[in-house]
Amino acid sequence: MGIWLMTSLVPACFSALAAASSDVELAPSETAQTVWAAQGMNLRDGPSASGRIVKKLGYGTPVSVLPHSDKPVAYEMEFFPKITRPTSDGKPRAQVLLDGEWIRIKAGDQQGYVFNKLLLPFPPIKADEDTEHYLARIFELTAKPAVNHGGAIDTEYVSHGPRKIQLVRHESSEASAIGGEVFIPDMSFDEAFVFFNAILPPTLDADFSYQKGALFEYQYQAPGGARLTMEKGGVRFYWQDEE
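Okay, so let's go over this structure. Bear in mind the structure is a predicted one, so any value in this text is a computation, not a measurement.

1. Observations concerning the environment of Ala-214
In step 1: Among the structural elements, Ala-214 can be located in the loop between β14 (208-211) and β15 (215-221).
In step 2: When the C-alpha positions of Ala-214 and Glu-231 are compared, they lie 8.1 Å apart, and in sequence the two are 17 residues distant.

Right, dumping it as structure tokens:
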């Protein structure tokens, strides 16, 4: 792929970010979240994939998680199906499963159940935003002056929030390759996997490398590529656009 770039369900600092960015009016016992399924998700009348669909919730829909005393209902969701025929890269594609549970939420004036791993405490990316500026906005980062390293130009961002996010933009002097990397502390691999799949979704039917809880490497646009890895203390995500 020619790249080497970087990325509990909700730590308290993420919850605070979600509450500050959401228009949902919350009761003291509720938690603000955002639908993070790129193609949307179904709100069901019971904690089961066979439950009646109450409503389709689009990406970026603000919701509130409701408290409940019932025993959690575990669920294993197929995020990417296995493709036995050759993909665009000439290889079969592995199945990707996410382990989570059904939770009760409120979306507008309707209540129901959704799969918890498809909710995240972040505002959605805007239609005119690129990855770099979106990350800088939601994590309150400011760019430092660019530094030229003998043909490679790096722009580092400074974190002003309580969490030390590390974001760097990489660009060649000929602008033939532009990309970046970000390290996000205290973020789980599954959370990062869902997060970046919505921001830079993989190319349809493309092959990818996946190791549960450790690695996801893929092509998100021809010929751009990305890689997500789990590191000590957080996740690292790399992406690159080749022009």
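2. Looking at the pattern of salt bridges
In step 1: In the structure shown here, the tally under the stated rule is nine salt bridges.
In step 2: Salt bridges linked by common partners bring Glu-132, Arg-169 and Glu-171 together as one network.

3. Structural notes on the environment of Ser-188
In step 1: Mapping Ser-188 onto the fold places it in the loop between β13 (177-185) and α3 (189-199).
In step 2: For the pair Ser-188 and Met-230, spaced 42 residues apart in sequence, the C-alpha to C-alpha distance is 8.0 Å.

4. Overview of the side chain of Glu-129
In step 1: Structurally, Glu-129 is set in the loop between β8 (119-120) and α2 (131-138).
In step 2: Within the local environment of Glu-129, its side chain forms a polar contact with the backbone nitrogen of Lys-126, the two atoms lying 3.0 Å apart.
In step 3: Polar side-chain contacts of Glu-129 include one of 2.7 Å to the side chain of Arg-137.
In step 4: If near-sequence neighbours (up to four positions away) are discounted, Glu-129 is found in contact with Tyr-134 and Arg-137.

5. Some words on the nonpolar core
In step 1: Ranked by size, the top nonpolar core spans 53 residues in total, and within it Phe-193 and Phe-195 carry the most contacts.
In step 2: Of the residues forming this core, the biggest block, eight residues, is contributed by α3.
In step 3: When near neighbours in sequence (up to four residues on either side) are disregarded, Phe-195 contacts Trp-36, Leu-120, Phe-122, Tyr-134, Leu-135, Ile-138 and Met-187.

6. Focus: the packing of α2 against α3
In step 1: Interaxial distance between α2 and α3 falls to 11 Å at its minimum, and their mutual angle equals 130°. The angle between α2 and α3 falls in the class oblique. Crossing of α2 over α3 shows right-handed handedness. Touching Thr-131, Tyr-134, Leu-135 and Ile-138 of α2 are Phe-195, Phe-196 and Ile-199, all from α3.
In step 2: The class makeup of the residues in the contact of α2 with α3 is six nonpolar, one polar and no charged.

What counts and what doesn't
- Residues numbered from 1 in each chain as written.
- Predicted model: local features only at pLDDT ≥ 70, side-chain atom pairs only at ≥ 80, totals over all residues.
- Heavy atoms only, no water.
- Helix = DSSP H or I, 4+ residues; strand = E, 2+ residues; numbered from the N terminus.
- Salt bridge = Lys/Arg side-chain N within 4 Å of Asp/Glu carboxyl O.
- Polar contact = N/O pair within 3.5 Å; in protein donor to acceptor, adjacent residues only side chain to side chain.
- Contact = heavy atoms within 4.5 Å.
- Core = buried A, V, L, I, M, F, W, Y, C linked by side-chain atoms within 4.5 Å.
- Buried < 20%, exposed > 50% of the residue type's maximum accessible area, 1.4 Å probe, protein only.
- Axes fitted to C-alpha atoms, helices over the stretch in contact; angles between N-to-C directions.
- Parallel < 35°, antiparallel > 145°, perpendicular 65-115°, else oblique.
- Left-handed = near helix turned anticlockwise from the far one by under 90°.
- Nonpolar A, V, L, I, M, F, W, Y, C, P; charged D, E, K, R; others polar.

Keep in mind these values describe shape, not function.
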